[in-house]
Number of protein chains: 2
Amino acid sequence: MNTRKDHLLDTAQRLFNANGYHATGIDRILSESGVSKATLYKYFRSKEALIMEVLRRRHHSFDTWLREFVDARTSSKYRGEPAGAMLAVFDGLDRWFRSENFCGCNFINASAEYGDRDDPIHELVKQHKSDLRDYLKSLLKRGGFSRARELSQQLMLLVDGAIVNAHTQNNPKAAREARQAAKCLLSAAAR
Amino acid sequence: MNTRKDHLLDTAQRLFNANGYHATGIDRILSESGVSKATLYKYFRSKEALIMEVLRRRHHSFDTWLREFVDARTSSKYRGEPAGAMLAVFDGLDRWFRSENFCGCNFINASAEYGDRDDPIHELVKQHKSDLRDYLKSLLKRGGFSRARELSQQLMLLVDGAIVNAHTQNNPKAAREARQAAKCLLSAAAR
DNA sequence: GCCAAAGTAAACAGATCTGTTTACTTTGTC
DNA sequence: GACAAAGTAAACAGATCTGTTTACTTTGGC
């Protein structure tokens, strides 16, 4: 059920990320999704409300996807390695960057257009990145790393840097380069 | 001379970075700069041409500023240290992030709104980041580092990651955190 | 002081955008 | 098959945006 609403959100997410939030008009989302305007405004009070729901959904789907990806790799390729889960995160980035319609991160892109710190959209971005860092921190703790707080923050810089590099330079190898740097930080922290 | 044009470009750069490129209308730039519309369209054929000139200027001013900053530090605080110039880059980021009107990177923000790889604006972004990486590479070579290519790329990830983190999380400490990670990468490369 | 270059103010055109409304159609359920 | 919920199509309102034009004013050098 609610297939119209879901289809609308899927289309909106794709267009927002590919062309930007302001540059993507409601009419384009409607024509590409085949949904009527009245239906959009039945589900969402405004374009801003649509954007926020797109980001909430993206936050959830990315979170779910990454956790499943990391779980699968830590129990196979990286079985028993303390740093394995973290390396799996960068393997996940690698797959993402190589996906056909990669256009950078919805949240980083949103922060460029909604830079005001009081904007609720900016707040969602902040929360998304903060949650991802918490996840990295939990992976480090599980791996027995000390100073997980500081280390997870440094690894987040590599994650966001890789996303930006992959997007601006059209360089899908960014994830592997970040992974190499991460290995260096992790091995230094392990000694 | 050309003080009107410069004032226009300064105002446009500030507004574009604070509020986004699409969201910033010509009229706002005109009213805040006190320049008339006819003058704008005398100097620039279109809004897009204005944006591109803003980015070209920003590229040049950032490049000049960073080189002067790094030169000053390498000949004082970091005199004689092979990795000194690179650490000075992160000191520069630190100062930038703490500046009053820091709103992220004009180029990263532009790439969010002009994501199409064929867009000339996207091309400027790519060139800017590529030039910065070349600069980092030259600093590494001057410091006697081998594998400057790979290392400069990893450091670029930290640079861009720090910019994004400082902006999205409102965290000016990001530069110092990136600097710590950079020290780790540099010392591992030096051995 | 003259004159050309540069700038201003304001109206205007035309496109586009968000959001509303109305009248009609489809669809699923009992 | 009746009925209610959900969806569509299209016109519309009102705001806003880029870009042009016109008539007037300021300014800087000679």
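This text goes with the structure placed above it.
Computed from a prediction, not measured in an experiment: that's the story for all the values here. (Residues numbered from 1 in each chain as written. Chains lettered and ligands numbered in written order. Predicted model: local features only at pLDDT ≥ 70, side-chain atom pairs only at ≥ 80, totals over all residues. Heavy atoms only, no water.)

For DNA strand C, the set of nearby residues contains 16 residues, the closest of which are Ile26, Tyr41 and Lys47 of chain A together with Arg4 and Ser36 of chain B. For DNA strand C, the backbone portion of the atoms within 4 Å of the protein, that is sugar and phosphate, comes to 68%. A distance of 2.7 Å separates a phosphate oxygen of DNA strand C from a polar backbone atom of Ile26 of chain A. Take Thr39 of chain B: an N or O atom from its side chain is 3.0 Å from a phosphate oxygen of DNA strand C. Looking at the surface near DNA strand C, the elements that each hand over two or more residues are helix 2 (26-33) and helix 3 (37-43) of chain A together with helix 3 (37-43) of chain B. In terms of residue count, the dominant contributor to the surface near DNA strand C is helix 3 of chain B (four residues). Here the residues of the surface near DNA strand C sort into five nonpolar, six polar and five charged. (Near = heavy atom within 4 Å. Polar contact = N/O pair within 3.5 Å; in protein donor to acceptor, adjacent residues only side chain to side chain. Helix = DSSP H or I, 4+ residues; strand = E, 2+ residues; numbered from the N terminus. Nonpolar A, V, L, I, M, F, W, Y, C, P; charged D, E, K, R; others polar.)

Turning our eyes to something else, we now look at the interface of chain A and chain B. Contacts between the two partners involve 39 residues from chain A and, on the opposite side, 39 residues from chain B. Both sides together, the interface formed by chain A and chain B hides about 3,300 Å², and carbon and sulfur atoms give 60% of it. Between chain A and chain B we count zero salt bridges in total. The interface formed by chain A and chain B holds nine residue pairs in polar contact (both at pLDDT 80 or more) in total. Mapped onto the side of chain A that touches chain B, the elements with two or more residues apiece are helix 1 (3-19), helix 6 (106-113), helix 7 (120-142), helix 8 (148-168) and helix 9 (174-190) of chain A. The biggest single contributor to the side of chain A that touches chain B is helix 8 of chain A, with eleven residues. Looking at the side of chain A that touches chain B, its residues break down into 15 nonpolar, 18 polar and six charged. (Contact = heavy atoms within 4.5 Å. Buried area = accessible area lost by both parts, 1.4 Å probe. Salt bridge = Lys/Arg side-chain N within 4 Å of Asp/Glu carboxyl O.)

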